[in-house]
Amino acid sequence: MPASSDSTAVASTSAPPDAQTPLAVEPSRGAWSLSPPENASATGDRIDALLARSHGFDFALAAVMLGWLLVAVLRFRGARKVAPDGGTRRSRAWVLGLALGVFGVVDGTLFLGSEGYLRDVLWNLRVPAEDPRTVRIEINAHQWSWEARYAGADGTFGTKDDVVTWNDLRIPAGVPVWVQLVSTDVVHGFSLPAFRVKLDAIPGRVNQTWFQAAREGAWEAACYQHCGTSHYRMRGMLTAMSPEAYAAWLREAGRQAAQTYDADDTAAHWGWAWRTP
Ligand SMILES: [Cu+2]
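Conventions and cut-offs
- Residues numbered from 1 in each chain as written.
- Predicted model: local features only at pLDDT ≥ 70, side-chain atom pairs only at ≥ 80, totals over all residues.
- Heavy atoms only, no water.
- Salt bridge = Lys/Arg side-chain N within 4 Å of Asp/Glu carboxyl O.
- Helix = DSSP H or I, 4+ residues; strand = E, 2+ residues; numbered from the N terminus.
- Buried < 20%, exposed > 50% of the residue type's maximum accessible area, 1.4 Å probe, protein only.
- Donors = N, O, S within 2.8 Å, 3.2 Å for Na, K, Ca; no water.
- Tetrahedral: all angles 85-135°; square planar, octahedral: opposite > 155°, others 65-115°.
- Axes fitted to C-alpha atoms, helices over the stretch in contact; angles between N-to-C directions.
- Parallel < 35°, antiparallel > 145°, perpendicular 65-115°, else oblique.
- Contact = heavy atoms within 4.5 Å.
- Nonpolar A, V, L, I, M, F, W, Y, C, P; charged D, E, K, R; others polar.
- Core = buried A, V, L, I, M, F, W, Y, C linked by side-chain atoms within 4.5 Å.
- Lys, Arg positive; Asp, Glu negative; His and termini not counted.
- Polar contact = N/O pair within 3.5 Å; in protein donor to acceptor, adjacent residues only side chain to side chain.
- Expected span 1.5 Å × (residues − 1).
- Pairing = 2+ DSSP bridges.
- pLDDT = per-residue confidence, 0-100.

Undergrad: Would you explain the pattern of salt bridges in this entry?
TA: Between side chains of opposite charge, a pair can form as their charged atoms come close. Counting across every chain of the model gives 10 salt bridges. The partner of aspartate 120 in a salt bridge is arginine 46, and the shortest N-O contact between them spans 3.1 Å. Pair noted here: aspartate 120 is in helix H3 (residues 89-122) and arginine 46 is in helix H2 (residues 44-75), with a separation of 74 residues, a long-range link. Among the residues examined, aspartate 120 registers a relative accessible area of 31% and is labelled partly exposed.

Shown next as C-alpha cells:
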C-alpha cells in the first residue's frame, strides 16, 4: 500500500466527475466462483455466517423434498391411479405441525440472526458516534461517480480545508468509518462488497451507515443500482491505510484544498453540517 501523502493522491481531487477509471482492484477470484468476495471488514463475518446458515437450510430442505419426491416416485411406480383421500385428521395435523416447526426453526433462526446484525452493527450508530477516532465522510453520488468530502483538519464540514475526492475513498484501517450519503440525480446503490456494505443513495435524503476495515488494502466501491447508461463504470476505490499514512494524506490534501479554495465555485460547495442520530 503506498503511504500516500504524495502528489498523485491529492491530484484525484480535480478529476472530472465521470472520469473513466481502470478497474480499481483486480478481482481476486474467478468469474464462476460462488463464494462471496474476500471479507475485509471487522464485522463482515456476521453477514457471511448468516449467508452460510441460510444456504445450509436451503440444501437440507432441498434434500428432504427431493428425497421425498424420489421415494414417492419409486413407491408408486406401478400404480395406474392413486386416488387422493385427503388423509386423516391425524395425518393432516402431523403435516401442518411439521411444516410450522420447520418454518419456525429456519425462518426464526435467520430472522433473529438478521435482527442481531442490524441491532449490533448496521443501525448501531452509537459505535462511530462515541469513538473519537471515527472518520466521517460525506458521499455525493452522481451519474456516474462517487464524490467524497472529508472535513479536513478543523473537523468541520463546509470550510476551506474540506478535502474532496472523486472515486477515491481513503480511510485508516482499524477505525470506524461513518458515511452519510446523498444523491444529486437518481437512486444509486453505494456498495463495498469486501465490507458487506450496501446502502441506497436517494435524492432528497441523507442515508447513513458505518463500517471498519480489518486491515490495510484496496478494494472496489461499486454502484449496485442500475442508474443510467454508464452505470457499469460507476466505480471507485477504497484504500485502507495505516492511521499515520491516512493522517498525513488528509493533512496534505487539506492544505492544498485551502490553498486552491474558490469561493465562486458553487458546484464545489455541496455538503452539510454532520447529522448525529
Ligand atoms: Cu449509480
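Undergrad: Whenever I open this one, the coordination of the copper ion confuses me. Can you help?
TA: For a metal with four tetrahedral donors the ideal donor-metal-donor angle is 109.5 degrees, while six octahedral donors give ideal angles of 90 or 180 degrees. Of the protein atoms, only His188 (ND1), Cys223 (SG), Cys227 (SG) and Met234 (SD) coordinate the copper ion, at distances of 2.0 to 2.5 Å. Classification of the site at the copper ion as tetrahedral follows from its four donor atoms and the range of 91 to 128° in their angles at the metal. Mapped onto the polypeptide sequence, the residues donating to the copper ion form the spacing pattern H-x34-C-x3-C-x6-M. You can see cysteine 223 sitting in strand E9 (residues 217-223) and its partner methionine 234 sitting in the loop between E9 and strand E10 (235-241), a full 11 residues away along the chain. Here cysteine 223 and methionine 234 have matching classes, each one buried.

Undergrad: Got a minute to help me understand the packing of H2 against H3 in this structure?
TA: The relative placement of two packed helices comes down to the angle between their axes together with the axis-to-axis distance. Between H2 and H3, the shortest axis-to-axis distance is 10 Å and the interhelical angle comes to 170°. When the interaxial angle is binned, H2 and H3 end up roughly antiparallel. Along the contact surface, H2 presents Arg46, Ile47, Leu50, Arg53, Ser54, Phe57 and Leu61, while H3 presents Val102, Val105, Val106, Thr109, Leu110, Gly113, Ser114, Gly116, Tyr117, Asp120 and Val121. Considering only residue class, the contact of H2 with H3 consists of 10 nonpolar, five polar and three charged.

Undergrad: What's the story with the nonpolar core in this structure? I'm lost.
TA: Note on soluble globular proteins: their nonpolar side chains tend to be buried together. By size, the foremost hydrophobic cluster in this structure holds 39 residues, and its most contacted members are Ile137, Ile139, Tyr150, Phe190, Phe195 and Phe211. Of the residues forming this core, the biggest block, five residues, is contributed by helix H5 (residues 243-259). Counting eight residues, the second-largest nonpolar core is a separate cluster that includes Val121, Leu125, Phe157 and Trp210.

Undergrad: In this structure, what is going on with the side chain of aspartate 161? I would like to understand it.
TA: Take aspartate 161: it is sitting in the loop between strand E2 (145-150) and strand E3 (163-166). Arginine 149 is the oppositely charged side chain nearest to the buried, salt-bridge-free aspartate 161, at an N-O distance of 8.2 Å. Polar contacts involving the side chain of aspartate 161 include one to the main-chain amide nitrogen of aspartate 154, which spans 3.2 Å. A distance of 3.0 Å separates polar atoms of two side chains, one belonging to aspartate 161 and the other to threonine 159. If near-sequence neighbours (up to four positions away) are discounted, aspartate 161 is found in contact with Ala151, Gly152, Ala153, Asp154, Gly254, Ala257 and Ala258.

Undergrad: For this particular structure, what's the right way to read H5?
TA: The end-to-end C-alpha distance of H5, which contains 17 residues, comes to 24 Å, matching closely the 24 Å that a straight helix rising 1.5 Å per residue would cover. Taken residue by residue, H5 has Ala245, Tyr246, Trp249, Leu250, Glu252, Ala253, Gly254 and Ala257 as its buried positions.

Undergrad: Honestly, the pairing of E2 in this entry has me stumped. Any pointers?
TA: Across a regular strand the side chains alternate sides, sitting on one face of the sheet and then on the other. Extensive coverage of E2 is indicated by the burial of six of its six residues. Residues Ser145, Glu147 and Arg149 point to one face of E2 and Trp146, Ala148 and Tyr150 to the other, with burial holding for every one of them. The pairing of strand E1 (residues 135-142) with E2 spans six bridges and is antiparallel. Across the sheet, isoleucine 137 pairs through a bridge with tyrosine 150, a residue of E2.

Undergrad: Looking at this model, I keep getting lost on the sheet that holds strand E7 (residues 197-201). Mind explaining?
TA: Paired through backbone hydrogen bonds, the strands of a sheet run either parallel or antiparallel to each other. The five strands lie next to each other as E4-E10-E9-E6-E7, forming an open sheet whose pairing is mixed. The two strands at the open ends of the sheet, each matched to only one other strand, are strand E4 (168-172) and E7. In this sheet, adjacent strand axes meet at a mean angle of 20° when their direction is disregarded. Where E9 and E10 come together, six bridges link them in antiparallel fashion. Following the sheet pairing, alanine 221 is matched in E10 by glycine 236. Packed on one face of the sheet, H5 meets E4 and E10 and runs near 130° to E4.

Undergrad: Explanation requested: the confidence of the model for the chain in the structure shown.
TA: Keep in mind that low pLDDT regions are not for reading the predicted coordinates in detail. On average, residues of the chain score 88 in pLDDT, and 89% of them reach the 70 mark or higher. Contacts for the low-pLDDT stretch residues 1-19, under 50 throughout, to residues beyond four places or in other chains number 36 contacts.

Undergrad: So what exactly am I meant to see when it comes to unusual backbone geometry here?
TA: Glycine aside, residues mostly have negative phi angles, and peptide bonds mostly take the trans form. Cis geometry marks the peptide bond from glutamine 143 to tryptophan 144; its omega dihedral reads 10°. Here tryptophan 144 lies in the loop between E1 and E2. One non-glycine residue with positive phi stands out, namely arginine 196, at about 55°. A residue is classified by how much of its surface remains accessible, and arginine 196, at 14% relative accessible area, is buried.

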